[in-house]
Amino acid sequence: RTHSTTTATTGTMLLTPQQQAIIALQQIPTFATFRDLFQYIDAHFIKIDDVPFTLQGASFLSILVGEFAGKSSYRLPLEFHKRAHHAFESQGWLELALKWGMKAMGHVIRAQVDESVQTTVVQLLIDVLSWEFGNDAFDARTTTMNSTKSSLLRPPASWRQTVMDYWFGKACFSAHATAAVKPQQQKYAHALRQMFLLLTSISGPVHETERDRQIYGESMMEGTVEILSSILQQPEATASTASTIWMDTISLITRLIANFQLRGLLSADADMFQSLLRGMSTMLRRLLQDQRTDCESAGGDLESMEHREWREEAIRVLLEGIVLLCDDSWLWYSTSADQDKRQTALRMLASTFGPLYTEFIVTRTRMARLEEHYLTQHGEELDEVQEEIFAVDLEDEMSSLGSMGRLDLTSSLACLSGHLATLVPQLQALWETLNATITPEVAGLLEEARLMVMYIGHLLTDDNSGETPVIPDAI
């Protein structure tokens with residue numbers, strides 16, 4: 001009570017939204033049932049014409065959802081938390097929080113409100129959508145899975161009418177287009193992209209029919225392509241100030257592909273899907289070119305490359321999305337009835353991503369040669385742990401590149417054989433000199449030749465763990 005009185009005299013806006021929500025909670029009367037509490041919140045907190053109350057209401061609901069979402073600090077058995085978690089979901093309270101969040105979001109989009117209000121309301125929706133649905137919440141096997149496909153959400157079928165709101169998604173994507181170009185609203189724009197990532201992850205029984213799923217996937221793809229197109233129009237898109245939006249967008253693209261897959265996206269809208277592929281190709285090419293340029297400017301000193309780490313992460317995630325398309329089982333093993341669609345998809349993928357294989361080979365071998373030259377020249381060596389990490393990352397990338405290179409096998413083989421042909425005379429001259437001194441130039445040449453042999457192996461064979469590598473079906 002003392003804290004509330006002091007706040008009233010100094011101004012509640014000096015406190016964070018969470019602190020204001022807690023103070024407001026202290027003023028709530030005692031209720032007989034959980035439903036009475038929610039009715040009070042609906043009547044007093046989320047007010048369409050009262051921005052401070054909207055802020056407090058969203059903050060309070062975020063706290064409430066968070067309390068039931070995870071294992072709180074209360075010293076109670078895990079089974080208690082699992083039952084509380086299940087009750088909050090099964091009795092409809094989580095869906096009510098979603099509805100109130102969507103209602104407040106509609107107000108935020110229509111009204112000119114402060115960024116803190118916008119971000120807090122979006123955070124409430126993020127908290128609700130990131131809920132662990134089902135009875136297996138808190139199970140060890142669900143918390144240790146980190147693959148893209150395991151990140152998909154499966155809300156109950158009862159959420160269908162609430163979450164499958166096409167116009168709500170359309171309005172949010174439009175709000176992002178406005179916020180993304182305003183420097184003072186970048187936090188809000190980032191929060192929206194995080195919400196889009198969760199909306200794109202929705203799968204399971206909430207889609208009543210395959211057609212419903214297709215329509216929803218088309219709406220998510222439309223919004224994603226809009227974001228992708230807007231950032232590619234910015235010439236400084238790979239600067240450090242734009243790394244967040246690039247990573248957000250690439251994650252959104254990969255999640256879209258993981259959820260709706262090649263057949264679903266192609267069937268939804270072939271032209272829009274082609275735009276998505278072209279945008280992905282442009283992003284990947286620009287990232288590779290920027291990495292190569294920076295490496296050349298740094299003389300092979302990778303540690304001095306300012307934007308190397310986030311670009312490498314962006315390349316990895318984007319390549320993951322491409323591999324999901326290239327290795328889609330429908331593309332290689334579907335029935336003869338889908339033969340025409342399969343051929344269309346294969347042509348689209350080959351024409352868009354096939355040329356990128358050469359871009360990858362040129363960039364990676366050039367960077368590897370420069371790095372080895374630098375390390376030898378300065379007498380530096382990577383420590384064993386770091387070298388092992390790099391080796392694993394390189395192996396994963398080469399396996400992924402193999403899938404992409406098989407889209408246009410003739411072109412990929414021509415790239416590798418042509419590149420290797422330029423190295424062979426240099427290697428022959430090196431053997432003939434019988435000079436045991438490893439100069440920086442020689443070290444760079446040997447490293448480039450080593451990578452070329454590995455690229456050839458990964459293109460022509462699969463990495464079957466525990467088995468003999470065989471010729472892939474694509475070849």
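Residues numbered from 1 in each chain as written. Predicted model: local features only at pLDDT ≥ 70, side-chain atom pairs only at ≥ 80, totals over all residues. Heavy atoms only, no water.

A surface patch of negative charge is lined by Glu381, Asp383, Glu384, Glu387 and Glu388. Along the chain, the position of Glu384 falls in helix H18 (residues 384–405). (Patch = residues over 30% accessible without salt bridge, like charges linked within 9 Å, V, L, I, M, F, W, Y side chains within 5 Å. Areas by Shrake-Rupley, 256 points an atom, 1.4 Å probe, with all protein chains shown as cover. Salt bridge = Lys/Arg side-chain N within 4 Å of Asp/Glu carboxyl O. Lys, Arg positive; Asp, Glu negative; His and termini not counted. Charge placed at Lys NZ, Arg CZ, Asp CG, Glu CD. Helix = DSSP H or I, 4+ residues; strand = E, 2+ residues; numbered from the N terminus.)

Quick look at the packing of aromatic side chains now. Under the defined criterion, the tally for this structure stands at six aromatic pairs. Between Phe68 and Phe88, the ring centres sit 4.6 Å apart and the planes meet at 15 degrees, which makes this aromatic pair stacked. Within this pair, whereas Phe68 is found in helix H4 (residues 51–69), its partner Phe88 is found in helix H5 (residues 78–90), the two being separated by 20 residues in sequence. Counting every residue linked through ring pairs, the aromatic cluster contains Phe68, Phe88 and Trp131. (Phe/Tyr/Trp six-rings, centres within 6.5 Å; stacked < 30°, edge-to-face > 60°.)

Together, Leu413, Leu460, Ile471 and Ile475 make up an exposed nonpolar region whose accessible area comes to about 330 Å². Along the chain, the position of Leu413 falls in helix H19 (residues 409–433).

This part covers helix H14 (residues 270–297). Along an α-helix, residues three or four positions apart point the same way, because every turn accommodates 3.6 residues. Compared with an ideal rise of 1.5 Å per residue, which puts 28 residues at 40 Å, H14 spans 41 Å between its outermost C-alpha atoms and is within 8% of the ideal. Measuring from the backbone nitrogen of Asp271 back to the side-chain oxygen at the start of H14 gives 3.2 Å, which picks out Asp269 as the cap. Positive phi appears at Gly299, one or two residues downstream of H14, with a value of about 65 degrees. (Expected span 1.5 Å × (residues − 1). Polar contact = N/O pair within 3.5 Å; in protein donor to acceptor, adjacent residues only side chain to side chain.)

Even without being glycine, Gln261 reaches a positive phi, approximately 60 degrees. Tracing the chain through its elements places Gln261 in helix H13 (residues 243–268). A relative accessible area of 38% means that Gln261 is categorised as partly exposed. (Buried < 20%, exposed > 50% of the residue type's maximum accessible area, 1.4 Å probe, protein only.)

We now examine the pattern of salt bridges. As enumerated under the stated definition, the model contains 14 salt bridges in all. Between Asp338 and Arg263 there is a salt bridge, with the nearest N and O atoms lying 3.5 Å from each other. Taken together, the positions of Asp338 in the loop between helix H16 (329–333) and helix H17 (339–377) and Arg263 in helix H13 put the pair 75 residues apart, joining distant regions of the chain. Judged by its relative accessible area of 12%, Asp338 is buried. Among the residues examined, Arg263 registers a relative accessible area of 41% and is labelled partly exposed.

Interpretation note: all reported values are geometric properties and have no functional meaning in isolation.
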